[in-house]
Amino acid sequence: GLAIFGLIFIFFASSKDDFSGIGTILGLSLGVVFEEKIVNFDPKEGTKLKKIFRVIIGFILIFALKEGIKYLFNLINPELLFLHTIRYFILSFFAVAIYPLIFKKIKL
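Bear in mind that the values here come from a model prediction, so they are computed numbers and not experimental data.

Draft legend 1. A look at helix H4 (residues 82-105). Under the 1.5 Å per step criterion, the end-to-end length of H4 is 33 Å for 24 residues, consistent within 8% with the ideal 34 Å. The sharpest bend along H4 comes to roughly 50°, located at Phe94. Of the residues flanking the end of H4, it is Lys107, one or two places downstream, whose phi is positive at about 55°.

The following block contains the structure:
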């Protein structure tokens, strides 16, 4: 439902914030579905030390991904607003779905 709203709203977007918000909505809504249906990660599992490592590693991964994508998209065309939708979709999907998948696979 929320993803459909995001796709419709893209036709009315006019600012960087609009495109970033749409990407975030799409990434979060699809990421939650992916995580619940495929990953099923339980953040309560693990020792306190493992949880601390997950948070630290997660922040590092998200920051690196955010800056890496920003750098690449600026090389392509910093004025292309639609790239903000893609960037924030990737970031939010990664944070909600891929990040837990990685930690589940490596048992962290």
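Draft legend 2. Local environment of the side chain of Arg54. Tracing the sequence through the fold places Arg54 in helix H3 (residues 48-76). Buried within the structure, Arg54 lacks any salt-bridge partner; Glu45 is the closest side chain of opposite charge, at an N-O distance of 6.8 Å. One polar contact links the side chain of Arg54 to the main-chain carbonyl oxygen of Leu108, over a distance of 2.8 Å. Residue contacts for Arg54: discarding those within four places in its chain leaves Phe41, Pro43, Glu45, Tyr99, Phe103 and Leu108.

Draft legend 3. Region of interest: helix H2 (residues 16-39). Along H2, the positions that sit buried rather than exposed are Phe19, Ser20, Ile22, Gly23, Leu26, Gly27, Ser29, Gly31, Glu35 and Val39. Just beyond H2, the residue with positive phi is Asn40, at close to 55°.

Draft legend 4. Main features of unusual backbone geometry. One non-glycine residue, Asn40, lies in the positive phi region at around 55°. Exposure remark for Asn40: the relative accessible area of 56% places this residue in the exposed category. One non-glycine residue with positive phi stands out, namely Lys107, at about 55°. Looking at the element boundaries, Lys107 is found in the segment after H4.

Draft legend 5. Fine view of the nonpolar core. One finds Val39, Phe41, Phe94, Tyr99, Phe103 and Leu108 forming the largest nonpolar core, which totals six residues. With three residues, the top contributor of residues to this core is H4. Core analysis: the next-biggest nonpolar cluster, separate from the first, contains five residues, Ile10, Phe19, Ile22 and Leu26 among them.

Parameters at a glance
Residues numbered from 1 in each chain as written. Predicted model: local features only at pLDDT ≥ 70, side-chain atom pairs only at ≥ 80, totals over all residues. Heavy atoms only, no water. Helix = DSSP H or I, 4+ residues; strand = E, 2+ residues; numbered from the N terminus. Expected span 1.5 Å × (residues − 1). Bend = angle between axes of the 7 residues up to and from the residue. Buried < 20%, exposed > 50% of the residue type's maximum accessible area, 1.4 Å probe, protein only. Lys, Arg positive; Asp, Glu negative; His and termini not counted. Salt bridge = Lys/Arg side-chain N within 4 Å of Asp/Glu carboxyl O. Polar contact = N/O pair within 3.5 Å; in protein donor to acceptor, adjacent residues only side chain to side chain. Contact = heavy atoms within 4.5 Å. Core = buried A, V, L, I, M, F, W, Y, C linked by side-chain atoms within 4.5 Å.

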